[in-house]
Amino acid sequence: MSKRDYYEVLGVSRDTSEREIKKAYKRLAMKFHPDRNPGDKTAEANFKEIKEAYEILTDADKKAAYDQFGHAGVDPNRGGGGYGGGQGDFGDIFGDVFGDIFGGGRRGGQRQAARGSDLRYNLELSLEEAVKGLTKELRIPTLATCDLCEGSGAKKGTSATTCGTCHGQGQVQMRQGFFAVQQPCPTCHGRGKIIKDPCTKCHGDGRVEKSKTLSVKIPAGVDTGDRIRLAGEGEAGEFGAPPGDLYVQVSVREHAIFVRDGNNLYCEVPISFSKAALGGEIEVPTLDGKVSLKIPAETQTGRMFRLRGKGVKSVRSHAVGDLLCKVVMETPVNLNDRQKELLREFEATLTGESKKHSPKAEGFFDGVKKFFQDLNS
Ligand SMILES: [Zn+2]
Ligand SMILES: [Zn+2]
């Protein structure tokens, strides 16, 4: 069955206002609502059609998709962000639209006791802690199930009784104008149960404020942005409903030496001018302590050395990252006369042969020369 145009269904023009769409919907909904046409299948089909048109055309995103792509833009069967709303049940929207006309409530089943809220705990770790993993004691302020009444909210030795007004349904039917409207029971507020003697500890709520201490195992390799979910460790639910979850949100503090990038670690290691020239061994830091690194002769400043497997072990796979050490040559300072003299002597030996000993300078000065030649030509 091909669908009719939504604007046509509601009998409005394409450039009409949302107010006009609502007005048209209310008028048609009154005419076709199943409560006014009991057993009339055509009226029910009409009602569903106008309800769907109304839902699409009063939702800015869906309306835009419909205006551009037609039914294909909002077809729930096509997926990809299409309209996923319900066919068939007309209870929910009915309450939304007619609530303001008649002052009535939403239709629907008995109110369910709410699941507890999820909690978030921000955990700051040092890089060492994040890399090696640890067990952390977390103190979490939360709502816990009242131990005195075990979450029922009723005083010890008593129990909640079924509400006499709604007979445990949580809903009552009221007649308003043409309609029979379901409303939450005013006596028990939709719960279906009455607590005559509230618990002395939680005053009938079934939950108490409590801070709990949790021992949480943080796996090795976690990084900033990782989140650890502890199912059921959030806030207690209402009246014994399931608790929420606790999310431990990890952030890792900046480290004095290492910068982490995924599973790799970076650091800068200073070396002296003479060691860079002659080669030798230097000590480099790793998270497991110092290791020695061989530096070849004629090492230029900024050269990167890779120490395989000295990075971070991934929390998701067994892959281990590397440690990347960048050597930075230091100009010697606080030289005494003797040292200065030696350097002058050394410098004098380079005279006339500077190209041979300075691979970068050669390229640099050639470049400068070419630059000025190009400028003059
Ligand atoms: Zn209690
Ligand atoms: Zn009731």
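Thresholds applied
- Residues numbered from 1 in each chain as written.
- Chains lettered and ligands numbered in written order.
- Predicted model: local features only at pLDDT ≥ 70, side-chain atom pairs only at ≥ 80, totals over all residues.
- Heavy atoms only, no water.
- Donors = N, O, S within 2.8 Å, 3.2 Å for Na, K, Ca; no water.
- Helix = DSSP H or I, 4+ residues; strand = E, 2+ residues; numbered from the N terminus.
- Buried < 20%, exposed > 50% of the residue type's maximum accessible area, 1.4 Å probe, protein only.
- Axes fitted to C-alpha atoms, helices over the stretch in contact; angles between N-to-C directions.
- Parallel < 35°, antiparallel > 145°, perpendicular 65-115°, else oblique.
- Left-handed = near helix turned anticlockwise from the far one by under 90°.
- Contact = heavy atoms within 4.5 Å.
- Nonpolar A, V, L, I, M, F, W, Y, C, P; charged D, E, K, R; others polar.
- UniProt positions renumbered as here; feature names shortened; annotations may be inferred.

Colleague: I'd like a description of the coordination of the zinc ion (ligand 1), backed by residues and values.
Modeller: Only C146 (SG), C149 (SG), C199 (SG) and C202 (SG) from the protein coordinate the zinc ion (ligand 1), and they sit 2.3 Å from it. We note that the donor set of the zinc ion (ligand 1) lies within a single chain, spaced as C-x2-C-x49-C-x2-C. With C149 in the loop between β2 (134-145) and β3 (161-162) and C199 in the loop between β6 (193-194) and β7 (207-218), this residue pair connects regions lying 50 residues apart in the sequence. What makes C199 buried here is its relative accessible area of 2%.

Colleague: Outline the packing of helix α2 (residues 18-32) against helix α3 (residues 41-57), supporting the account with residue identities and numerical values.
Modeller: Their axes nearest at 9 Å, the elements α2 and α3 cross at an angle of 165°. In terms of orientation, α2 and α3 fall into the roughly antiparallel class. With respect to the hand of their crossing, α2 and α3 are arranged in left-handed fashion. Here I21, K22, Y25, L28, A29 and F32 of α2 come into contact with α3, specifically with A43, N46, F47, I50, K51, Y54 and L57. Broken down by class, the residue content of the contact of α2 with α3 amounts to 10 nonpolar, one polar and two charged.

Colleague: Please give an account of the UniProt feature "binding site: Zn(2+) 1" (unreviewed entry) in the protein chain that cites residues and values.
Modeller: Per the UniProt record, "binding site: Zn(2+) 1" (unreviewed entry) is found at C146, C149, C199 and C202. Taken together, the annotated residues stretch across 57 residues yet fold into one region, lying no more than 9.0 Å apart by C-alpha. With respect to the helices, strands and loops of the structure, C202 is situated in the loop between β6 and β7. Non-local contacts of C202, meaning those with residues more than four positions away in its chain, are made with C146, C149, G153, R207 and V208.

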